[in-house]
Amino acid sequence: SNNPDDGQVVDNGDGDDDGDGDSNNPDDGQVVDNGDGDDDDDDSQNTITITENFAGKSEQESGKVDILWVVDNSGSMENEQAALSYNFDIFINQFIDQDIDFQMGITTTDPRRWYNGDMVGDPSKLNSSYAKSNESSFLRHFKNQIQVGTNGYGEEMGLKTMKSFLEKNSSIFRDDAYLAIVILSDEEEQSSSSANNYVNFLSTLKPNAGMVKVHSIVTKELNNNQWETVGQKYLDVSSATNGIQASIKEDFFGILQDMGEKIVTFATSFPLSNTPIESSLEVYINDELQTSGWSFDASINAVKFDENMAPQDGDQIKVVYETAQ
């Protein structure tokens, strides 16, 4: 931008687009200022190159995910809690059928001292091992406990309680497992901290920030219910982590089916920390470029390998890509 310009320059026929009669910088057409202080017709996006490294997974580790449910327990949430409980089977059956190694925790949006980030239910009955040993008891326990009641604090702070839960229960959730957080609320998150602060906190939990996704089932538009507010902070955190953004007014069967499919895929893939320019993606196994046998799933921002090309335990996976700066 040595020759700044704030408007439009039209070729004056001297082979130059700067209008000064100097043909050292020839051009044969018209240049419109792109706002970068330069009239050189370069409107390309600034990018940076990212390299992310992953370890190959053994067959036993190929699907390992921890799931935290953050459920609004204010006075207006009875029907939504019941809908989540009733439709849970369509969500969890996908994990059981595909033998996903999962653990779950439940907390509420109540930020008061005695409730902030506390565990609801018995975590020893909310995992894949217990589900295998006694599936009916597992389902019964989750469906009962996910209906957390409606006596909670009226100023819901689901992101604050999420953070408190993860800090209080760091020994429960596993460092090498993917983390999926599902938030259910009909009101905006009302803590003083910004959505960006919560995103930054989540990015510190795993070796790769892409290993954490926040899925929101919240109010996305108002429908004349005086107690409802749009859950914009939840939606912003979901957007920043490439999570699902669903409306609390939609059919819970469809929401949970889609969410279960995405989390299962997430647990068996290699999620990226940034959104790549897809044409720039390069995938290596043990420093050998892979020109086939993998794909990019934009819905979860992750690289997936074909079944017959899956990396083995001990393999080193490297993903190189460009992203907008």
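Figured I'd write up the structure that's included with this text. In this text, all values refer to a predicted model and were calculated from it rather than measured experimentally.

About the thresholds
- Residues numbered from 1 in each chain as written.
- Predicted model: local features only at pLDDT ≥ 70, side-chain atom pairs only at ≥ 80, totals over all residues.
- Heavy atoms only, no water.
- Pairing = 2+ DSSP bridges.
- Helix = DSSP H or I, 4+ residues; strand = E, 2+ residues; numbered from the N terminus.
- Axes fitted to C-alpha atoms, helices over the stretch in contact; angles between N-to-C directions.
- Phe/Tyr/Trp six-rings, centres within 6.5 Å; stacked < 30°, edge-to-face > 60°.
- Buried < 20%, exposed > 50% of the residue type's maximum accessible area, 1.4 Å probe, protein only.
- Core = buried A, V, L, I, M, F, W, Y, C linked by side-chain atoms within 4.5 Å.
- Contact = heavy atoms within 4.5 Å.

**Some thoughts on the sheet that holds strand 6 (residues 178-185)**
(1) Moving on: Strand order in this open sheet of five strands is 5-4-6-7-8, and the pairing throughout is parallel. The open sheet is flanked by strand 5 (101-108) and strand 8 (245-247), the only strands paired with a single partner. Put simply, the sheet's adjacent strands are angled 15° from each other on average, direction ignored.
(2) Moving on: In terms of strand pairing, strand 4 (residues 64-71) meets strand 5 through eight bridges, oriented parallel. Residue pairing across strands places Ile 67 opposite Met 104, the latter belonging to strand 5.

**Focus on the packing of aromatic side chains**
(1) Moving on: Evaluated as defined, the whole model comprises 13 aromatic pairs.
(2) Moving on: Here Phe 91 and Phe 95 contribute two aromatic rings whose centre-to-centre distance is 5.0 Å and whose plane-to-plane angle is 35°, an arrangement assigned as tilted. Residue Phe 91 and its partner Phe 95 are both found in helix 2 (residues 88-97); the two are separated by four residues, about one turn of the helix. Like Phe 91, the residue Phe 95 is buried in the burial classification.

**A closer look at the nonpolar core**
(1) Moving on: Ranked by size, the top nonpolar core spans 42 residues in total, and within it Val 65, Trp 69, Phe 91, Phe 95 and Met 104 carry the most contacts.
(2) Moving on: Contributions of two or more residues to this core are made by strand 4, helix 2, strand 5, helix 3 (128-133), helix 4 (135-145), strand 6 and helix 8 (252-267).
(3) Moving on: With eight residues, the single largest contributor to this core is helix 8.
(4) Moving on: The residues touching Phe 95, leaving out its near neighbours within four places in the chain, are Val 65, Ile 67, Ile 100, Phe 102, Gly 260, Ile 263 and Val 264.
(5) Moving on: Among the nonpolar cores identified, the runner-up in size contains 21 residues, and Leu 166, Leu 179, Ala 195 and Val 214 belong to it.

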